[in-house]
Structures are given as structure tokens and as C-alpha cells.
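Here is how the chains run, residue by residue.
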Amino acid sequence: MGCEMPFIMAKNLKCGLKKGDKCIKCNKPASVYLPYGPQKFCDKHFIQLIEKRFRKTIRKYSLIRKGEHLLVAVSGGKDSLTALYLTKKYFGKQNKITALLIDEGISGYRDKALKIAMKNCKKWRIPYKHVSFKTEFGIGMSHISKKISKTKKNFGSMCSFCGTMRRTLMNRYAKKLSADKLITGHNLDDELQSILMNACDNDIARFFRSGPLAGVKQIPDLVQRVKPLCEIPEAEIFLYANYVGIEHYSGSCCPFRAKAKRNIYRKILNELEEHYPGTKYSLWNFYIQLRVKFISLKILSGIELNKCKKCGEPSTKEICDTCKKLSILKN
Ligand code: SF4
Ligand code: ZN
């Protein structure tokens, strides 16, 4: 399992095509086959389909309002750069847009991806803010990994450190830069993996944190995170990024990814989709309906958040997860 996965999956979108297949929109030769439709598209109409889905998701869930300052979290990968590109394309005239580039300190990986992200920001004339774990927390991921490997304790995967710390930085900088919304590049696959993983962990609070708007209700001090790509499968974003010429990082995977728990969920979901096309969208629609019902029943009345006593970021506990993790590392 690695970074070649979206490439393989995107290749599969072409495998179902037979000689002479035509685009359902214009009757020209088809270049993409979406088995769950099933539908076939030429390049131009596939691009239109993805852009329509992006705008539809934003409209359907009211993710962006005119005049809001949008901060887009960019890693340099296909998803976040596609989110930035589309946000600029459709909201560049009516909204202020800033990119937030977070360097987790994974040498040989994130530094390369962020170089591409910066290049794109310059090309698309989008101002960016570059922040790093090293300057914000005093330690980067490569160093954290070395520290952890010296202990005999099981701290789980490195992604739990990385994800928690990144979320803290995203919120910190969204507030610092007075952003109204924080846009992330989470795609349909990312969301479904989290939903399934949290269901299997019997973690109902986290389970309902997925979806187009992160969290169940708006909480002061927590800048709302929105995911306009959440209804587009990963392979289709990969194909779209290549069709419209978005340069993105496509080198080797994060060295910590191999041990990530979500790999197994990715594999299961892809197998299900392969055998029963449409499963991913069915599961997503089921989740969205469930979420709406739970919110309307007020079963999830929202979580009360305090300010972390160490860093001041919102937290359900006295000390937030990031500060807790950092103090474990110090000790
Ligand atoms: Fe961070 Fe894990 Fe992603 Fe690597 S794979 S960048 S450690 S979340
Ligand atoms: Zn804290």
C-alpha cells in the first residue's frame, strides 16, 4: 500500500472502457469509465463533472459564504492542491483566499511536497503562510519518531501525533489570520476510512466528527473546517488534477504511512467498491442521513469545550491532546 494507490485506481477508471465507447454528454470518444454510474466521459466532460460536484457540495452543505476569508490547508499533494485550485477558480473574486502550508518535519517528504505547493501558490497568485512543527512545537515528526523508537512504549502510529498536532496548528493559524473557514482537501475515501475506523473503534464522538463540516456544531474558538472534496473519490481527484495540469507531489509516500491503521480500511473499502460498484457512495449517503437524524434528535447536543491550560486551544479536557503528547515526548 503506498502513494501509487491513486494512480492504480485512476488507471482502473480507464480499464472498463471498450473500443468505440462514447461520452454520455457529447458522444465523442470516452476516456473515463465510472463503474458506479455506470457512466463514460470524455476528458472535457469529466473535468466538468468534478467541478460541478465541488460546487454542488459547497451549495448543498452551505460550506462557503460570500466575503469570507478562506484559509486552505495545503500539503502539496493532489487533494489539497485541487481544493486550492478550485477554491481560487470559483471563489477567487468574492473571497479572500490564503494557503496554509504546514511542514511536519518529515525530511525527504514534506519539504519536497511543500516546494511544489509554494510554486503553485505563486503561479495562482495566492498568498501563503508557511508554518512548521519545529518552530511551533520545538520538534518535527522525524525527531519525534527517533525519540519514540528509543522507548519501549507503544505510542500507536505516528499519524496520531502528526494529525493531532496539525489540527492544532490549523486552528491556531486560522485564528491568527482571522480566517472564517478552514478548507481541507479530504476526499470521499478519506472520509469513509475515518467513518469506518471510528465505527469499529466504537467512538461515537469521533464518528460524528466526519462529514462536510467537521464537528457537529459551531464552537467558539474553533474555526470551522470544511471539506468541499468530500463527495469526490480519491482516484477521480487524481485524474482531474492531471487533466487540468495541477502539478502536485507524486514522489514516495510518507515514511510513517505504512504503519497507519487506515491502510486496512482503505483496502477493505476499495475491495468492496471493486466488487459492488457504488458501495462508497451508498455508505456515504447512509452516514449523512444518520448524521442529520442524530443532530435533529439532539442526541449529540454538542461538546462543551474549554481552553487548554497550556496552549489556550479549545479542548474537551483540561490539557489538549497536542500538549499531552508534547509533554510525553519531553518526559
Ligand atoms: Fe502525518 Fe501519517 Fe500523513 Fe505521514 S502519513 S503525513 S505521519 S498523518
Ligand atoms: Zn494545549
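If you're wondering where the values come from, they're calculated on a predicted model, not measured in any experiment.

To continue, consider the overall build of the protein. What the protein contains, in helices and strands, is 13 helices and 9 strands. Computed over C-alpha atoms, the radius of gyration of the protein comes to 20 Å, within 12% of the 20 Å expected from 2.2 N^0.38 for 331 residues, which places it in the range of a compact globule. If one aligns the C-alpha atoms of the protein with their principal axes, the spans along those axes are about 65 × 50 × 45 Å. For the protein, the proportion of its 331 residues judged to be buried stands at 50%. Looking at the protein alone, contacts between residues at least 24 apart form 70% of all its contacts between residues at least 6 apart.

Further remarks concern unusual backbone geometry. Here the bond from glycine 37 into proline 38 is cis, since omega is -10°, no more than 30 degrees from zero. Although it is not a glycine, asparagine 27 adopts a positive phi angle of roughly 70°. Even without a glycine there, the phi angle at serine 178 is positive, about 50°. Note on placement: serine 178 falls in the loop between helix 7 (158-176) and strand 6 (181-183).

Now for the coordination of the zinc ion (ligand 2). Bound to the zinc ion (ligand 2) are the protein donor atoms Cys308 (SG), Cys311 (SG), Cys320 (SG) and Cys323 (SG), situated 2.2 to 2.3 Å from the metal. Metal-centred angles of 106 to 113° between the 4 donor atoms at the zinc ion (ligand 2) mark the site as tetrahedral.

Moving on, we get to the environment of glycine 92. Here glycine 92 lies in the loop between helix 3 (78-91) and strand 4 (96-103). A relative accessible area of 28% means that glycine 92 is categorised as partly exposed. Between the C-alpha atoms of glycine 92 and leucine 70, which are 22 residues apart in sequence, the distance is 9.7 Å.

Inspection of the secondary structure puts asparagine 198 in helix 8 (residues 188-200). On the accessibility criterion, asparagine 198 (10% relative accessible area) is buried. With sequence-adjacent residues up to four places away left out, asparagine 198 is seen in contact with Asp203, Arg206 and Phe207.

Now for the site of ligand 1. Taken together, Ile106, Arg110, Cys159, Cys162, Arg166, Cys254, Phe256 and Arg257 are the residues near ligand 1. Here the shell around ligand 1 gets 3 residues from one element, more than from any other, and that element is helix 7. Here the residues of the shell around ligand 1 are counted per class, giving 5 nonpolar, no polar and 3 charged.

Most of strand 3 (residues 69-74) sits inside the fold, with 6 of its 6 residues counted as buried. Neither face of strand 3 is exposed, since His69, Leu71 and Ala73 on one face and Leu70, Val72 and Val74 on the opposite face are all buried. Of the pairings in the sheet, the one linking strand 3 to strand 4 comprises 6 bridges and is parallel in character. Residue histidine 69 lies in a different strand from strand 4, and its bridge partner there is lysine 96. In this fold, the crossover linking strand 3 to strand 4 by way of helix 3 has right-handed handedness.

In this section: the pattern of salt bridges. Applying the stated rule across the entire model yields 21 salt bridges. Among the ionic pairs, lysine 181 bridges to glutamate 68, the shortest N-O distance being 3.1 Å. Taken as a pair, lysine 181 in strand 6 and glutamate 68 in the loop between helix 2 (43-60) and strand 3 lie far apart in primary sequence, 113 residues in all. You'll find lysine 181 and glutamate 68 in the same group, each marked buried.

Read across the open sheet, the 5 strands follow the order 5-4-3-6-7; overall the sheet is parallel. On the outer flanks of this sheet lie strand 5 (128-132) and strand 7 (224-226), each paired with one strand and no other. Strand-to-strand, the axes of this sheet are offset by a mean angle of 30°, without reference to chain direction. Here strand 3 runs beside strand 6; their pairing, made up of 3 bridges, is parallel. The residue of strand 6 that forms the bridge with leucine 70 is lysine 181. Against the sheet, helix 3 makes contact with strand 3, strand 4 and strand 6, and its axis sits at roughly 155° relative to strand 3, the strand it touches most. Sheet strands in contact with helix 7 are strand 3, strand 4, strand 5, strand 6 and strand 7, and its direction is about 145° off that of strand 4.

Their axes nearest at 10 Å, the elements helix 3 and helix 10 (residues 234-244) cross at an angle of 60°. When the axis of helix 3 is compared with that of helix 10, the two are oblique. Once helix 3 is placed against helix 10, the crossing between them reads as left-handed. On the side of helix 3, the interface is formed by Lys78, Asp79, Thr82, Tyr85 and Leu86, while helix 10 contributes Glu234, Ile237, Phe238, Tyr240, Ala241 and Val244.

The rules we used
- Residues numbered from 1 in each chain as written.
- Chains lettered and ligands numbered in written order.
- Predicted model: local features only at pLDDT ≥ 70, side-chain atom pairs only at ≥ 80, totals over all residues.
- Heavy atoms only, no water.
- Helix = DSSP H or I, 4+ residues; strand = E, 2+ residues; numbered from the N terminus.
- Rg over C-alpha atoms; globule rule 2.2 N^0.38 Å.
- Buried < 20%, exposed > 50% of the residue type's maximum accessible area, 1.4 Å probe, protein only.
- Contact = heavy atoms within 4.5 Å.
- Donors = N, O, S within 2.8 Å, 3.2 Å for Na, K, Ca; no water.
- Tetrahedral: all angles 85-135°; square planar, octahedral: opposite > 155°, others 65-115°.
- Near = heavy atom within 4 Å.
- Nonpolar A, V, L, I, M, F, W, Y, C, P; charged D, E, K, R; others polar.
- Pairing = 2+ DSSP bridges.
- Right-handed = clockwise from strand over helix to strand, strands pointing away.
- Salt bridge = Lys/Arg side-chain N within 4 Å of Asp/Glu carboxyl O.
- Axes fitted to C-alpha atoms, helices over the stretch in contact; angles between N-to-C directions.
- Parallel < 35°, antiparallel > 145°, perpendicular 65-115°, else oblique.
- Left-handed = near helix turned anticlockwise from the far one by under 90°.

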